[in-house]
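# Topology and contacts: notes
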Amino acid sequence: MKKSIILAVLAFCAVSFSMANELGLAPVAVLDSTVYDGIGGKNKEVFLYDAKGNLETQINSHWGGTKWEDDGKYEYAYDLKGNITLKAYAYYTSEGWEYSNKEEYAFDDNNNLTLVLFSNWNTSKNTWEMYHHEVYTYDVNGNLIQYVKGDWDGTDWINWDKYVYENMVQNGHSLGGE
């Protein structure tokens, strides 16, 4: 329950800040951290923003008895229009931060989400490896007309789920490819 309330407050603050920026107003407040009781003890989230008010980093920590100990962090990037283009997750080890996975987002000229690309960090190869994508297609009026999910097999995308929309009503759904 407490976490739900915190998430609702975070969402409200993010929307309020975004709306204030779009209207050219200074935001009233930006949430920079929160502490809550979670499973296993006290947890803390710290939020760092860029000059435009976009969330750049979220660091999650737990109380280790004498100090806060980092667990994981999310890093975000945005395009010039303020659309999120990257969400990357790293976890903290004795060696420092180690990346785990990321989501990359692409948008068309109308700010419609067109692609979400999911990748995992391969520590042995020291590189990102794609594993899943979601592709969104719109008509000339900006209405979503198709949504496709697929997985990378190392050579090509294997689309396994497809939704087709007509007048914003789901018209067809196919599984197992196109």
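Within the protein, the secondary structure is distributed over 1 helix and 11 strands. Taken from N to C terminus, the helices and strands of the protein fall in the order α-β-β-β-β-β-β-β-β-β-β-β. Expressed as a percentage of its 178 residues, the buried residues of the protein come to 27%. Considering only residue pairs separated by 6 or more positions, the protein has 16% of its internal contacts joining residues 24 or more positions apart. Carbon together with sulfur atoms contributes 53% to the accessible area of the protein, which is approximately 11,600 Å² in total.

In this section: the environment of alanine 88. Relative to the elements of secondary structure, alanine 88 occurs in strand E5 (residues 84-93). Those residues within four positions of alanine 88 in sequence are excluded, and the remaining contacts are Lys73, Tyr74, Glu75, Tyr99, Asn101 and Lys102.

Predicted confidence across the protein gives a mean pLDDT of 83, with 76% of residues reaching 70 or more. In the model of the protein, helix H1 (residues 2-22) stands out as the element of lowest mean pLDDT, 44, in contrast to strand E7 (residues 113-122), which has the highest, 98. Counting interchain partners and residues more than four positions distant, the pLDDT-below-50 stretch residues 1-20 has 19 contacts. Scored below 50 in pLDDT, residues 174-178 shows 12 contacts in the model against residues more than four places distant or in partner chains.

The next thing to look at is the nonpolar core. Inside soluble globular proteins, nonpolar side chains tend to come together where they are buried. In terms of nonpolar packing, the biggest core is built from 8 residues, these being Tyr105, Val116, Phe118, Tyr136, Leu144, Tyr147, Tyr163 and Tyr165. For this core, the secondary-structure elements that each account for two or more residues are E7, strand E9 (144-152) and strand E10 (157-166).

This part is about the packing of aromatic side chains. Tallied over the full model, the rule gives 10 aromatic pairs. Plain terms: the ring middles of tyrosine 74 and tyrosine 89 are 4.9 Å apart, the flat faces sit at 50° to each other, and that makes the pair tilted. Here tyrosine 74 is found in strand E4 (residues 68-78), whereas its partner tyrosine 89 is found in strand E5, with 15 residues between them in sequence. Connected via pairs of aromatic rings, a cluster forms that spans Tyr74, Tyr76 and Tyr89.

Reading the values: the criteria
- Residues numbered from 1 in each chain as written.
- Predicted model: local features only at pLDDT ≥ 70, side-chain atom pairs only at ≥ 80, totals over all residues.
- Heavy atoms only, no water.
- Helix = DSSP H or I, 4+ residues; strand = E, 2+ residues; numbered from the N terminus.
- Buried < 20%, exposed > 50% of the residue type's maximum accessible area, 1.4 Å probe, protein only.
- Contact = heavy atoms within 4.5 Å.
- Areas by Shrake-Rupley, 256 points an atom, 1.4 Å probe, with all protein chains shown as cover.
- pLDDT = per-residue confidence, 0-100.
- Core = buried A, V, L, I, M, F, W, Y, C linked by side-chain atoms within 4.5 Å.
- Phe/Tyr/Trp six-rings, centres within 6.5 Å; stacked < 30°, edge-to-face > 60°.

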